[in-house]
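# Coordinate analysis (summary)
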Amino acid sequence: MRIYPTVFRLCFSWMDAEKAHKIGFTMIKAIHTVGAGAVLRRMFTPPTSLQTQALGLTFPTPFGLAAGFDKEGQGINALANLGFGHVEVGTITGQAQDGNPQPRLFRLVADRAVINRMGFNNDGASAVAPRLKQALAGLRKTYPTVRPIIGVNIGKTKIVELEDALGDYLISARTLADSADYMVVNVSSPNTPGLRLLQDVATLRPLLTGVREAADSAAGRHVPLLVKIAPDLADEDVADVAALALELKLDGIIATNTTISRDGLASPDAMVQEKGAGGLSGAPLKARSLAVLRQLKALVGDQLTLISVGGVETGADVQERLDAGATLVQGYTAFLYEGPFWAARINKELAALRK
């Protein structure tokens, strides 16, 4: 299973990162399409000892795939074959958009990190909705007892002004809620101009209230709702968001998104500057993401589900987040470096640690 880092170095490290991602994702989907997914499921289904209760749902394992890998819901079932307990799709916007100009995804191999300024490229909520419905039906058929969970991450269309953001989020909420096991309001990407201003509690309160009401009404049930925050928030701002989440009785908080910081990197400064603006993810985010998780746990206790993401690479990393107060843990960037057996290896390590 550890052969993939060599494959990455020889086949993908020299290639444009977005192109390499598309090729890798296409291969994962193709394996599922030709019927080999059943073999992968037999090999990689998480041990029952890892089943986790959260958000009123049963997750096969606490470890899942963060938003950003499958932006448009095109490979949920194929990714589930690999052992992820949940797949968070998105970020999806109310209108289709191309995202920012390419190139827009860059590796910092020495740091096991990625810089992205994708800009919420996706087909829009109306195009994604039928894919989610089909994926959900497939999961229910394939996993008759405990199935992988689908999360839906929604954000603001770039051309929509901030003062009109609520209406844009409501389009996505109403369109996608029916097939969402849980929904995430993303107000923390650095790649949509002004988006992070929505993390201010005065703006965030009506946004979260409106999305929750729209999602529940459209689905005819309660759709667990979480908000995803940035690692760059000051501690007092993290505390304000936590207090708002408790006030509104949200279901949880995801911490954290990518960072705009470039501190402490091993990669040469000139190389980092050449990549340009964007959100940094991967190993350099580990310390701050863990610190925000611990702060949130101290503030909210067991009243909210905390999902930790940022710098997670190993089963020990996942267990550290669980010990620090997370109920669920997500990863993404290490998937690009570790390959298709990554989730299965983390589940194996987690199970061993629990023994």
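The structure under discussion appears in the preceding block.
These numbers come from a predicted model, not from an experiment.

## With respect to the sheet that holds strand 5 (residues 105-108)
One open sheet holds the three strands; their spatial order is 5-6-11, and the pairing between them is antiparallel. In this open sheet, the two strands that pair with only one neighbour each are strand 5 and strand 11 (279-282). For this sheet, the mean inter-axis angle between neighbouring strands, taken without regard to orientation, is 25°. In the sheet, strand 6 (residues 113-116) pairs with strand 11 via four bridges, with the strands oriented antiparallel. Counterpart to Ile115 in the pairing with strand 11 is Leu280.

## Some words on the packing of helix 5 (residues 125-142) against helix 6 (residues 165-176)
Packing of helix 5 against helix 6 brings their axes to within 9 Å, and their N-to-C directions diverge by 25°. Classified by the angle between their axes, helix 5 and helix 6 sit roughly parallel to one another. Between helix 5 and helix 6 lies a crossing of right-handed hand. Each of Ala125, Ser126, Val128, Ala129 and Leu132 in helix 5 lies in contact with helix 6, whose residues at this interface are Ser172, Thr175 and Leu176.

## Looking at the pairing of strand 6
Across the two faces of strand 6 the burial is the same, with Ala113 and Ile115 and Val114 and Asn116 all buried. Where strand 5 meets strand 6, four bridges bridge the pair, whose relative direction is antiparallel. Each residue of the ladder has a partner; that of Leu105, found in strand 6, is Asn116. Counted along the chain from strand 5 to the antiparallel partner strand 6, the turn is four residues long, and its residue Arg112 has a positive phi close to 50°.

Analysis parameters
In every chain, residue numbers begin from 1 and rise along the written sequence. Given that this is a predicted model, residues contribute local features only at a pLDDT of at least 70 and side-chain atom pairs are listed and counted only at 80 or more, while totals for whole chains, interfaces and linings are drawn from all residues. Side-chain figures throughout are based on the complete set of non-hydrogen atoms in the structure, without hydrogens or water. Any two strands with at least two DSSP bridges between them are considered paired. Starting at the N terminus, helices and strands are each numbered in turn, a helix being any DSSP run of H or I of at least four residues and a strand any DSSP run of E of at least two. In this description, a line fitted to the C-alpha atoms serves as the axis of each element, helices being fitted only across the stretch in contact, and the angle between N-to-C directions of two axes falls anywhere from 0 to 180 degrees. Angular relationships are summarised with four words: roughly parallel below 35 degrees, roughly antiparallel beyond 145, roughly perpendicular across 65 to 115, and oblique for the angles in between. The crossing is said to be left-handed when, going from far helix to near helix, the turn is anticlockwise and less than a right angle, and right-handed when the turn is clockwise. The contact rule is simple, with two residues in contact once any of their heavy atoms fall within 4.5 Å. Note on exposure labels: buried denotes an accessible area under 20% of the residue type's maximum, exposed denotes more than 50%, and partly exposed covers the range between, all computed with a 1.4 Å probe on protein chains only.

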